[in-house]
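Chain by chain, the residues:
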Amino acid sequence: MARKIIDYDIAPDEIFLDNSNLPDLDTNQFEGRIERPISKSALWLSGIVLAALLVLFLGRVAYLQIWRGTGYAERSRNNSLRHTVILPPRGIIYDRGEVELAWNKPDRHYIEKPGFSILLGYLGFPEEDNRSSVVYSEDELVGRAGIENQFNDLLTGEKGVKVEE
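To keep things clear, this report deals only with the structure shown in the data block. (Residues numbered from 1 in each chain as written. Predicted model: local features only at pLDDT ≥ 70, side-chain atom pairs only at ≥ 80, totals over all residues. Heavy atoms only, no water.)

## Thoughts on the overall build of the protein chain
The condition is simple: Secondary structure follows DSSP: runs of H or I at least 4 residues long count as helices, runs of E at least 2 residues long count as strands, and numbering of each begins at the N terminus. Under the scheme applied here, a residue whose accessible area is under 20% of the maximum for its type counts as buried, over 50% as exposed, and between as partly exposed, the area being computed with a 1.4 Å probe on protein chains only. Only heavy atoms matter for contacts: two residues are in contact if any of them lie within 4.5 Å across the pair.
Of regular secondary structure, the protein chain possesses 6 helices and 7 strands. Taken from N to C terminus, the helices and strands of the protein chain fall in the order α-α-α-β-β-β-β-α-β-β-α-α-β. Scored against the burial criterion, the 165 residues of the protein chain give a buried share of 11%. Counting contacts in the protein chain only where the partners sit at least 6 residues apart, residues at least 24 apart contribute 48% of the total.

Here it is, written out as structure tokens:
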């Protein structure tokens, strides 16, 4: 009996599709197109662009760290917080019937009845005293005579501090 020889070779037409073996080829859907590898010139161009960006980046880092580094270091050492004093509004002086005798307005106001000016006193700028540990602001007023002077600590209130960077 004769043996049958079976051919296991596969023809390329049986594997790949192209115009000849695909009757409804749609070229708008990229059917039947042959893919090509990326060209060496495109790889070289992208490598050159990336290398140029790296050189620019490293150059900027060197400029900021080496040439301008001492200036930025000095600037960071001098960077600190600024403390601004917030002055409280001065207290209001009442009589025993809760009638206002001295109150706050942009300029200082007192009751306009005779005899109260000596009793209430007046406000003025603080005197410079080198022995005092109290620091006054140029906008701060203190009681100079009368009730304003006697109760200055109560009428002044407590200073606040605003911290800014």
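Anyway, onward from the coordinates.
## Concerning the nonpolar core
Note the threshold: Residues grouped as a nonpolar core are buried Ala, Val, Leu, Ile, Met, Phe, Trp, Tyr and Cys residues, joined through side-chain atoms within 4.5 Å.
Counting residues in each nonpolar core, the largest one holds 6 residues, listed as I93, L101, A102, I111, L120 and L155. Those residues in contact with L120 that lie beyond four places of it in its chain are I93, L101, Y110, I111, A145, G146, I147 and E148.

## Considerations on a nonpolar patch on the surface
What counts is decided by this rule: Note on patches: the residues involved have over 30% relative accessible area and no salt bridge, like charges join within 9 Å, and the nonpolar side chains Val, Leu, Ile, Met, Phe, Trp and Tyr join within 5 Å. Per-residue and other accessible areas follow the Shrake-Rupley method at a 1.4 Å probe size, with only the shown protein chains counted as cover for residues. A pair is scored as a salt bridge if a Lys or Arg side-chain nitrogen falls within 4 Å of a carboxyl oxygen belonging to Asp or Glu.
A cluster of nonpolar side chains, contributed by L45, V49, L50, L53 and L56, occupies part of the molecular surface with about 530 Å² of accessible area. Its location among the elements puts L53 in helix α2 (residues 40-67). On the basis of relative accessibility, which here comes to 49%, the residue L53 falls in the partly exposed class.

## A short note on the pattern of salt bridges
Scanning the entire structure with this criterion turns up 3 salt bridges. With a shortest N-O distance of 3.3 Å, R82 and E164 are connected by a salt bridge. Within this pair, whereas R82 is found in strand β1 (residues 82-86), its partner E164 is found in strand β7 (residues 160-164), the two being separated by 82 residues in sequence. Assessed through its relative accessible area of 51%, R82 is described here as exposed. The class for E164 is partly exposed, based on a relative accessible area of 25%. Among the ionic pairs, E164 bridges to K162, the shortest N-O distance being 3.6 Å. For K162, a relative accessible area of 41% translates into the label partly exposed. Taken together, the shared-partner salt bridges in this structure form one network comprising R82, K162 and E164.

## Notes on the environment of L123
Mapped onto the elements, L123 comes out in strand β5 (residues 123-124). The class for L123 is buried, based on a relative accessible area of 16%. Each C-alpha atom of the pair L123 and G146 lies 9.7 Å from the other, and the pair is 23 residues apart in sequence. Setting aside residues no more than four positions away along its own chain, L123 makes contact with R90, R108, Y110, L141, V142, G143, R144 and E148.

These results come straight from atomic positions and should not be treated as a statement about function.
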